[in-house]
Structure formats: C-alpha cells, structure tokens
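Listed below, chain by chain, are the residues.
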Amino acid sequence: LKPRVFITKPIPKKVENYIAHFCEYKIWNSMNSIPKETLIKEIRHVDGLMNSNYKISKEILEAAPFLKIISNISVGYDSFDIKEMLRRKIMGTNTPKVLEESVADLTIGLILSISRRIPELNNMIKKGEWDKPSDFYLGIDVHQSTLGIIGMGRIGEEIAKRATLGFEMDVLYYNRSRKIDVEKKYSVTYTKLDKLLEKSDFVLIMLPLTKQTYKYIGAKQFKKMKKSAFLINCSRGEVINEQELINALLTNEIAGSALDVYEQEPISKRNPLLKMDNVVMTPHIGSATKNTRYNMAMKAAKNLVSGLMGEKPYDIVPELKQLIN
Ligand code: DGY
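Only a predicted model underlies this, so the values are computations on that prediction, with no experimental measurement involved.

S.K.: In this structure, what is going on with the nonpolar core? I would like to understand it.
M.R.: Nonpolar side chains tend toward joint burial in soluble globular proteins. One finds M50, L147, I149 and I232 to be the most contacted residues of the largest nonpolar core, which totals 70 residues. Examining the composition of this core, we find that 8 residues originate from one element, helix α12 (residues 290-308), more than from any other. Excluding anything up to four places from it in sequence, I149 contacts G156, I159, A160, V171, L172, Y173, Y174, L196, L204 and M206. Counting residues in hydrophobic clusters, the runner-up holds 26 residues, among them V203, M225, A248 and L249.

And the structure:
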C-alpha cells in the first residue's frame, strides 16, 4: 500500500510524476490558497503533507492523526508549529541550498529599483509624462554605498557577494553569531545593530521569522536610520512592524522602502504602502524563477518521499532533528 499524501499547491508535472511513483496523492490545483475547511477534510487519512507558506496550526495537525511528515516547498518554515510537531512526532523539512541565488538576485533588483526609481519612472514614461527638467529624474548611487544586512545566512552571503564584488559596496552585517568565513571571503564587517542602522544607505532585512524576530524592526530602529536611507525586506513581512514602517515613510524618517513580503499576503487593497511613490513592491517572488521553483518542488518531493519510506529526510529542520536520531 502506497502512503497517502496531500499537496496544498500546484507543482510542476514532473515533480507530481515523481510523487505518483511512490505515493497516492491529491493536490489542490488552484492558484487561490486552499480554504482551511477543505484542507482539514483532505488530510484526515494522509501520511504526508506537501506545503509552502500555509500556516499548519494545531487545529490542522489535530485533523491529521496519521501525519508523519510535512515537506515545505520553501526555505522558511515559520508555517510549522514546532512544539506541536515535536509532541506529535511529525517531521518537517524545508528546501535550503537551491534558492539563495534567486533571492539574492531579486534583492539587488529591489535595491536598484528603489534607488534609481525604476518602477516610478517606468510608470511616468508609459503615461506619456517625459516632460520634466532632467534633474527631476535623479536617483541615488548604489555602487560604493553602504549596505547593512541584518541576518547573515546563506541568502545574506549571496547578497554580500553581489554587493561587494559587483557594486563595490561597503557591507556591514549583524547576525546572532559572527560569520568569520563570510567576513574573509567578501570583506564584510560585523557591526552592532545600532551602528549598522546609523551607517547604512540600504538596510536589508534577511531574518527568518521566529518568536525572537517577530516585529523586530520598528519605530525605534527607523529613527536610528539616516533620513536618506532605504529599507529593503525580502524575508518575512512580520519581522517588521508594518504600521511603524508606514509611519516612518509618511513622516520622512527614512527615504523609502522596497518590499517583497508583507504582514498580510496577499496584501490588503487598502494598505497605504500601495499608494506611496517611494515604495517599490513585489508579490513575494524572491525564489520565483522557473528553474528555482522547479528545484524547490523536486527537493521537497524527495524530502517527502524519503520521510515516508522510513529514511532520514535530508532537509529536516534543525528544531526537529531529534525526531530522526
Ligand atoms: C521561502 O522559500 O521561504 C520563500 O519565501 C518562498 O516561500
């Protein structure tokens, strides 16, 4: 008898075929997020769940008494209820080491977009409004400016590589632990958080969402930043206090922001950020390239199958490692 699996979002056909080889499966094949009631009905008999950012609450776990593994198609796993998964002995995996470069590419794109006002000026020219004195179009240089990275994981390192080798930026970073190897490789400087905020022209948040990082950056931190500085976030929306960011932008505490992630996704149509010219926004697309999303889905499928076949899944998240030892 093949193990039963439910998949909460569309995945590439090849990955579906791989799963079909080992498992009986059902898939939520709509672009809209699966309603909770449907998910709860679908997972009653499953052994495995393939997911991305859908929060798997205690209530959902309760509805799946046979569940052995949740395989996330994402590097972030703030969707896991770690305590409850430990209690129920449910393994959880993520997809590191296939998406770092894509996220770093997008981050550099956002830095260039906000500093050179690319989306704003793109909109103007398309509306036929190339009628301003040339000084109107001035932006800020990225090369040789100072980038402060808060959170130096694998993605932070890829960004540091691009920033130092490509743009000769002065890169400061703050992290729970120092990364001497990254410091040596790319000449980045470990700095206390306050100093990083004071010195950077671009402050980049690259932190995972945890209890400790929830609303970690807010009014106090924006006050410390230069008035000419930009805030970039490509990690998780809830790491920032979004209302306080909106206030900082409205009161010119900081110059602007480029965001890929939000407290609420999809973002509310009434969110004031949507109306601000000095804010560049993308819809959580850090890892969203054809190649990377395929690699993520295939990695997640392999993690899922290995967990269900009684092997140790390669990418079990650190907080749940004790379940396979
Ligand atoms: C991730 O991998 O965590 C990205 O944010 C996509 O969900």
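What follows picks up the thread again.
S.K.: When you look at the pairing of strand β10 (residues 230-233) in this model, what are you seeing that I'm missing?
M.R.: Successive residues of a regular strand alternate their side chains across the two faces of the sheet. Taking every second residue as pointing to the same face, both faces of β10 are buried, with F230 and I232 on one and L231 and N233 on the other. The pairing of strand β9 (residues 202-205) with β10 spans 4 bridges and is parallel. Paired with V203 across the bridge in β10 is L231. The parallel pair β9 and β10, bridged by helix α10 (residues 219-224), forms a crossover whose chirality is right-handed. Across 4 bridges, β10 lies against strand β11 (residues 256-259) in parallel orientation. Its bridge partner lying in β11, F230 is registered against G256. Taken together, β10, helix α11 (residues 242-250) and β11 constitute a β-α-β crossover, and its handedness is right-handed.

S.K.: It is not clear to me how the side chain of N51 should be interpreted in this structure. Could you clarify?
M.R.: Mapped onto the elements, N51 comes out in strand β3 (residues 48-51). For N51, a relative accessible area of 0% corresponds to the buried category. Of the polar contacts made by the side chain of N51, one reaches the side chain of T8; its length is 3.2 Å. Engagement of the side chain of N51 in a polar contact is seen with the side chain of N72, the distance being 3.2 Å. Contacts of N51, omitting those with residues within four sequence positions, involve T8, I56, I70, S71, N72, I73 and S79.

S.K.: Looking at this structure, how should I read α11?
M.R.: Residues lying three or four places apart along an α-helix face the same way, a consequence of the helix completing one turn every 3.6 residues. Where α11 is concerned, the buried positions are E242, L245, I246, A248 and L249. Axial view of α11: buried residues confined to an arc of 160 degrees, hence all on one face. You can read the cap of α11 off the contacts: a side-chain oxygen lies 3.3 Å from the backbone nitrogen of Q243, and it is on N241. After α11 finishes, the residue N252 shows a positive phi value of roughly 55 degrees.

S.K.: It is not clear to me how helix α7 (residues 154-167) should be interpreted in this structure. Could you clarify?
M.R.: Between the first and last C-alpha of α7 there are 19 Å, a value that for 14 residues agrees with the 20 Å anticipated at 1.5 Å per step. Every buried residue of α7 is listed here: I155, G156, E157, E158, I159, A160, R162, A163 and T164. Against α5 (100-115), β6 (146-150), β7 (170-174), α8 (180-186) and β9 lie the buried residues of α7. Following α7 by one or two positions, E168 has its phi on the positive side, about 50 degrees.

S.K.: What should I look at first to understand the pairing of β7 in this one?
M.R.: The pairing of β6 with β7 spans 5 bridges and is classified as parallel. Residue pairing in the sheet places I149 in a bridge with Y173 of β7. As paired elements, β7 and strand β8 (residues 189-190) share 2 bridges and run parallel to each other. Across the sheet, Y173 pairs through a bridge with Y190, a residue of β8. Once you follow β7 into α8 and on to β8, the crossover reads as right-handed.

Cut-offs applied
Residues numbered from 1 in each chain as written. Predicted model: local features only at pLDDT ≥ 70, side-chain atom pairs only at ≥ 80, totals over all residues. Heavy atoms only, no water. Core = buried A, V, L, I, M, F, W, Y, C linked by side-chain atoms within 4.5 Å. Buried < 20%, exposed > 50% of the residue type's maximum accessible area, 1.4 Å probe, protein only. Helix = DSSP H or I, 4+ residues; strand = E, 2+ residues; numbered from the N terminus. Contact = heavy atoms within 4.5 Å. Pairing = 2+ DSSP bridges. Right-handed = clockwise from strand over helix to strand, strands pointing away. Polar contact = N/O pair within 3.5 Å; in protein donor to acceptor, adjacent residues only side chain to side chain. Arc of directions from axis to C-beta. Expected span 1.5 Å × (residues − 1).

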